[in-house]
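Below, each chain spelled out in residue letters.
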Amino acid sequence: MFVNLHVLYSLTWLTIMIQGKQCDKASKVKQSDKGSKVKRKEDASPRKSSSEEKVVQDKKAELKSLGAKAVEEKDYAGASKFYSEAIKVDPKDATLYSNRSLCHLRIGEAHDALVDADACIRLRPDWPKGYCRKGAALTALKDHKEACDAYMAAVKLDPSNEELHEAFWEAVVAMKAELGAGQSGSSSDSD
Ligand SMILES: *[C@@H]1O[C@H](CO)[C@@H](O)[C@H](O)[C@H]1NC(C)=O
């Protein structure tokens, strides 16, 4: 089992490397965090007038900047509250969940961090950041197998991001250590 997993992950890794050569352009997705405000425009509900929409966007921008400021001051609990308010204003903005996930994680609320990471992924399944947050939350929850899967999903979406590769491998190592600990005493390589 132990050995098989190792082989499996090596093969998956190889696949990722090959795919990575083919979709280098995808690595810029990371930057889309900043552009999301503009992009959301198309999602705006048609029944809202443009002036109402502007009020909503202004309020969200205000809350975002308060959140960012709080993060800068390492006030993660405070930042999390601002992001929660912003989410009330625009529940469909994946970046708000991503940022609140990070805040939760920093103050030891790993389960809430996971819930937000999942919300982020649901809203933007093609954005690596959501999977990265999920991996971090699962690592904190010591669910290393699931963390591997999450990081792998992130790597597939952004193959040239070194940090993601690093995080993936750390999760693999942690998972192997966990499996190894589970069968202490037996150093046999067979199954
Ligand atoms: C999320 O956090 C990053 C880093 O602090 C910031 O640049 C970005 O604007 C934030 N996004 C939102 C939606 O608050």
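Remember, predicted model here, so these are calculated numbers, not experimental data. Counting restarts for each chain, with residues numbered from 1 along the sequence as it is written. Only residues with pLDDT of 70 or above have their local features reported here, since the model is predicted, and side-chain atom pairs are shown and tallied only from 80 upward, although totals for entire chains, interfaces and linings are computed over all residues. The side-chain values count all of the structure's non-hydrogen atoms but skip hydrogen atoms and water molecules.

Moving on to the site of the ligand. Throughout this document, a residue counts as near a molecule or strand when at least one of its heavy atoms sits within 4 Å of that molecule or strand. Around the ligand, the neighbouring residues are K64, Y83, T95, L96 and N99. N or O atoms closer than or at 3.5 Å make up a polar contact, with two conditions inside protein: a donor-capable atom paired with an acceptor-capable one, and, for residues adjacent in sequence, both atoms drawn from side chains. With respect to the ligand, the side chain of N99 contributes an N or O atom lying 2.3 Å from an oxygen atom. Every accessible area reported is derived by Shrake-Rupley at a probe size of 1.4 Å, with residue values counting cover from the shown protein chains alone. Coverage of the ligand by the protein chains reaches 65% of its 360 Å² of free accessible surface. Numbering of helices and strands runs from the N terminus; a helix is a DSSP stretch of H or I covering at least four residues, while a strand is a stretch of E covering at least two. Ranked by the residues each element gives to the shell around the ligand, the list is headed by helix α5 (residues 94–106), at three residues. Taken together, the residues of the shell around the ligand break down into two nonpolar, two polar and one charged. For this scheme, ten residues count as nonpolar: Ala, Val, Leu, Ile, Met, Phe, Trp, Tyr, Cys and Pro. Four count as charged, namely Asp, Glu, Lys and Arg, and the remainder, Gly too, count as polar.

This part is about unusual backbone geometry. A positive phi angle, close to 60 degrees, is found at K74, a residue other than glycine. Within the secondary structure layout, K74 lies in the loop between α3 (50–72) and α4 (76–89). With a phi close to 60 degrees, K142 is a non-glycine residue in the positive phi region.

The interhelical angle for the contact between α3 and α4, taken along N-to-C directions, is 165 degrees, at an axis separation of 8 Å. One way to sum up the angle between α3 and α4 is to call them roughly antiparallel. Note that α3 runs across α4; the crossing there is left-handed. Between α3, through V56, K59, K60, L63, K64, L66, G67, A68, A70 and V71, and α4, the contact on the second element is made entirely by Y76, G78, A79, F82, Y83, E85, A86 and V89. The axes used here are C-alpha line fits, helices contributing only the stretch in contact, and every angle between their N-to-C directions lies in the interval 0 to 180 degrees. The scheme is simple: roughly parallel for angles under 35 degrees, roughly antiparallel for over 145, roughly perpendicular for 65 to 115, oblique for anything else. In this scheme the handedness of a crossing depends on how the near helix is turned from the far one: anticlockwise by less than a right angle means left-handed, clockwise means right-handed. Two residues qualify as a contact provided that any one of their heavy atoms is within 4.5 Å of a heavy atom in the partner residue.

Note on ring pairs: Phe, Tyr and Trp rings are taken, using the six-membered ring of Trp, and paired if centres are within 6.5 Å. Classes follow the plane angle, with under 30 degrees stacked, over 60 edge-to-face and the rest tilted. Tallying each qualifying case throughout the model produces one aromatic pair. With 5.5 Å between their ring centres and 70 degrees between their planes, F168 and W169 make a pair best called edge-to-face. Residue F168 is classed as buried on the basis of its relative accessible area of 0%. In this scheme, the term charge over a ring applies when either NZ of a lysine or CZ of an arginine sits within 6 Å of the ring centre and within 35 degrees of the ring normal. Between R124 and the ring centre of W127, over which it is positioned, the NZ or CZ distance is 4.2 Å. Relative accessibility under 20% of the residue-type maximum defines a buried residue, over 50% an exposed one, and the middle range a partly exposed one, all with a 1.4 Å probe and only protein chains included.

Turning our eyes to something else, we now look at the UniProt feature "repeat: TPR" (unreviewed entry) in the protein chain. UniProt positions are given in the numbering used here, feature names are shortened, and annotations may be inferred rather than shown by experiment. As recorded in UniProt, the sites labelled "repeat: TPR" (unreviewed entry) are residues 60–93 and 128–161. Within the segment residues 60–93, helix and strand shares are 79% and 0% respectively, and the terminal C-alpha atoms sit 10 Å apart. The span residues 128–161 is 79% helix and 0% strand, and its two end C-alpha atoms sit 10 Å from each other.

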